[in-house]
Amino acid sequence: MNTLIAITGLGIFCLLFEILNLRKAIIPFTILGLLGVLAINFCEFGMEQSYYNNMITVSKFSTAFSSLFIILTIFLVALSHNFYHKHPTKISDFVAIKVFLLAGAVAMVSFGNLAMFFLGIEILSIALYVLAASDRLNIKSNEAGMKYFLMGSFASGIILFGICLIYGAMGSFDVLEISESSLSAELPIWFPIGMILMIVGMLFKIAAVPFHFWAPDVYEGSPALTTALMSTLAKVVAIATLFKLVSGLNLISSLENQDLLHTFEVIVVVLSIASMSVGNIMALRQVNVKRMLAFSGISHAGFMLMTLLTVSASAGVLLYYTAAYALAGIASFSVILYVCRDHDNEDITNFHGLGKTNPLLAAILTASLLSMAGIPIFSGFFAKLFLFNQTIQAGYIGLVIVAVINSIISVGYYFKLILAMYSKEPNQERTGKPFLIYAAAVVSIALNIALGLFPSLVLDLLK
């Protein structure tokens, strides 16, 4: 709760910096403020408390994921300095929106009441709609913002309808009360229907097949820094929230009571396989790096959906996977921001010869792509290893075989970009070495490698 209050206060201070005309200090002030929020969040680790009639609950799950969200926001704020250099009068607004978005993200993993859950979703979603359309003179950004707004509004409406059905079935919005009531032998049919609608809405948020069509166009049309935010922070928030919904509302137990558990498992397996396969196969055809990473994110959503099959033992694995994926995403987008800052597109041709003109950033981008592909020694490899091991123990060997095949397919399009950096001749001169871009890229990939070397640092947090 203290974390949420601190984030909200920080967002208000960011707006005051605009009023006081202290824009130059906004980035360092916000980073320091977020480090303070991170410290406050760590102080709450291990506490099991609820606030405001159980509207907000503090648990190991909420504090661990909130810490990840805060760390990702620090990187995204740091990258804002160079990205918004052409719009200095707007930087306070953009930074404040990112901070308020973080408040929505923390609420989404700390809810103890479905009303707070929906409030968190809307805070995060509205901030993303604004950021997607924030390049107002770019028609692609306008189109991306409109597409995301329309599709996101439909998804939010579906989630809200599901919440209403659950309330009608249980007579409460309180997660604890719903969880206890769901263990009864007979449940109204509205409960599983409501859960299905909520899960469908969340599948849109994580861009899982068949609710993925918005992602490539929105990722490509949005400003690059907004795409980085969608690909990392927004995606891991959505998957963590979906996991908490399934586990917190005792969906597995309630379906088992009504003999619907097998149907749920089949649906999850089909969605996982479809997301992995469609994402990877479509990514092979892309020449725009942001579209390629959009389809890559769809495939990773398929991998993360596998944790829903072993909810009781998957929290630590999901945290590790999301951390590994998001840190690799931050590192890759840091390089993309540098390479494409003077271009109106993010095509692979812009990366030709990067290994010769800027070996450090080329190495960082290569490392981040290898991590996403699941190559040792990066944490992406161990994330998939732990996920596959757990899924095999649960008896889904066929699903793991498909996942391994998809991991092999992903190497194709990741190496297409790597080969462009090292086997092609440079087609442009790159000047300047923005400190914050370099710092974000180096620190994020270093953390990714550290997680690969010491996975227990994350895995043991939720034991």
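Located above this text is the structure these notes cover.
Residues numbered from 1 in each chain as written. Predicted model: local features only at pLDDT ≥ 70, side-chain atom pairs only at ≥ 80, totals over all residues. Heavy atoms only, no water.

Participant: Would you mind showing me how to read the overall build of the protein here?
Facilitator: Of the regular secondary structure elements, the protein holds 20 helices and two strands. Relative to the compact-globule value of 23 Å for 463 residues, the protein shows a C-alpha radius of gyration of 21 Å, a close match. Its C-alpha atoms give the protein principal-axis dimensions of roughly 70 × 55 × 40 Å. Looking at the protein as a whole, 59% of its 463 residues are labelled buried. (Helix = DSSP H or I, 4+ residues; strand = E, 2+ residues; numbered from the N terminus. Rg over C-alpha atoms; globule rule 2.2 N^0.38 Å. Buried < 20%, exposed > 50% of the residue type's maximum accessible area, 1.4 Å probe, protein only.)

Participant: How should I be thinking about helix 14 (residues 315-339) in this particular structure?
Facilitator: Residues three or four positions apart in an α-helix share a direction because the helix packs 3.6 residues into each turn. Across its 25 residues, helix 14 extends 36 Å between first and last C-alpha, which sits within 8% of the 36 Å expected from 1.5 Å per residue. Taken across its 25 residues, helix 14 has 25 buried, putting it largely inside the fold. (Expected span 1.5 Å × (residues − 1).)

Participant: Quick question: what am I supposed to make of the nonpolar core here?
Facilitator: For soluble globular proteins, nonpolar side chains are generally found buried alongside one another. The biggest cluster of nonpolar side chains holds 171 residues, and the ones touching the most others in it are Phe69, Leu114, Phe117, Leu242 and Phe351. The leading source of residues in this core is helix 14, at 20 residues. Excluding residues that lie within four positions of it along the chain, leucine 242 makes contacts with Ile199, Met202, Leu203, Ile206, Leu305 and Leu308. (Core = buried A, V, L, I, M, F, W, Y, C linked by side-chain atoms within 4.5 Å. Contact = heavy atoms within 4.5 Å.)

Participant: I'm lost on the pattern of salt bridges in this one. Help?
Facilitator: Oppositely charged side chains are able to pair whenever their charged atoms sit close together. One pass over the structure, following the stated rule, counts five salt bridges. Across the pair lysine 147 and glutamate 143 runs a salt bridge whose closest N-O atoms are separated by 3.1 Å. A residue pair is termed a helical-turn pair when its members lie 3 or 4 positions apart in one helix, as lysine 147 and glutamate 143 do in helix 6 (residues 139-170) at four residues. Note that lysine 147 is salt-bridged to aspartate 217, the shortest N-O span being 2.9 Å. (Salt bridge = Lys/Arg side-chain N within 4 Å of Asp/Glu carboxyl O.)

Participant: Can you walk me through helix 12 (residues 261-283) in this structure?
Facilitator: With 23 residues, helix 12 ought to run about 33 Å at 1.5 Å a step, and its terminal C-alpha atoms sit 33 Å apart, in line with that. Within helix 12 the residues assigned to the buried category are Leu261, Phe264, Val268, Val269, Leu271, Ser272, Ser275, Met276, Ser277, Gly279, Asn280 and Ala283.

Participant: Mind showing me how you'd approach the packing of aromatic side chains here?
Facilitator: The geometry of an aromatic ring pair is captured by the separation of the ring centres together with the interplanar angle, meaning the angle of the planes. For the structure shown, the criterion picks out 18 aromatic pairs. Both rings, one in phenylalanine 61 and one in phenylalanine 65, keep their centres 4.7 Å apart while their planes meet at 45°; by these two values the pair is tilted. Residue phenylalanine 61 and its partner phenylalanine 65 are located together in helix 3 (residues 60-83), separated by four residues, close to a single helical turn. Overall, phenylalanine 61 belongs to the buried group, its relative accessible area being 14%. Here phenylalanine 65 falls in the buried class, since its relative accessible area comes to 0%. (Phe/Tyr/Trp six-rings, centres within 6.5 Å; stacked < 30°, edge-to-face > 60°.)

Participant: How should the side chain of asparagine 406 be read in this particular structure?
Facilitator: Within the secondary structure, asparagine 406 sits in helix 18 (residues 397-423). Under the relative-accessibility criterion, asparagine 406 is labelled buried at 3%. With sequence-adjacent residues up to four places away left out, asparagine 406 is seen in contact with Met276, Ser277, Asn280 and Phe303.

Participant: Where do I start with the packing of helix 8 (residues 190-205) against helix 10 (residues 224-248) in this structure?
Facilitator: The relative placement of two packed helices comes down to the angle between their axes together with the axis-to-axis distance. Running from amino to carboxyl end, helix 8 crosses helix 10 at an angle of 165°, the nearest separation of the two axes being 9 Å. Between helix 8 and helix 10, the angle is such that the two are roughly antiparallel. When you trace helix 8 past helix 10, the crossing you get is left-handed. Contacts between helix 8 and helix 10 involve Met195, Met198, Ile199, Met202, Leu203 and Lys205 on the former and, on the latter, Ala238, Thr241, Leu242, Leu245 and Val246. For the contact of helix 8 with helix 10, the per-class residue count stands at nine nonpolar, one polar and one charged. (Axes fitted to C-alpha atoms, helices over the stretch in contact; angles between N-to-C directions. Parallel < 35°, antiparallel > 145°, perpendicular 65-115°, else oblique. Left-handed = near helix turned anticlockwise from the far one by under 90°. Nonpolar A, V, L, I, M, F, W, Y, C, P; charged D, E, K, R; others polar.)

Participant: It is not clear to me how the environment of glutamine 393 should be interpreted in this structure. Could you clarify?
Facilitator: Here glutamine 393 lies in helix 17 (residues 379-393). Its relative accessible area of 63% is what places glutamine 393 among the exposed residues.

Participant: Help me understand the packing of helix 5 (residues 114-132) against helix 8 in this model?
Facilitator: One can describe the packing of helix 5 onto helix 8 by two numbers: an axis separation of 13 Å at closest approach and a directional angle of 25°. Here helix 8 runs roughly parallel to helix 5, going by the angle between their axes. Considering only the axes of helix 5 and helix 8, their crossing is left-handed. Contacts between helix 5 and helix 8 involve Leu114, Phe117, Ile121, Ser125 and Tyr129 from the former and Met198, Met202 and Lys205 from the latter. Split into classes, the residues belonging to the contact of helix 5 with helix 8 amount to six nonpolar, one polar and one charged.

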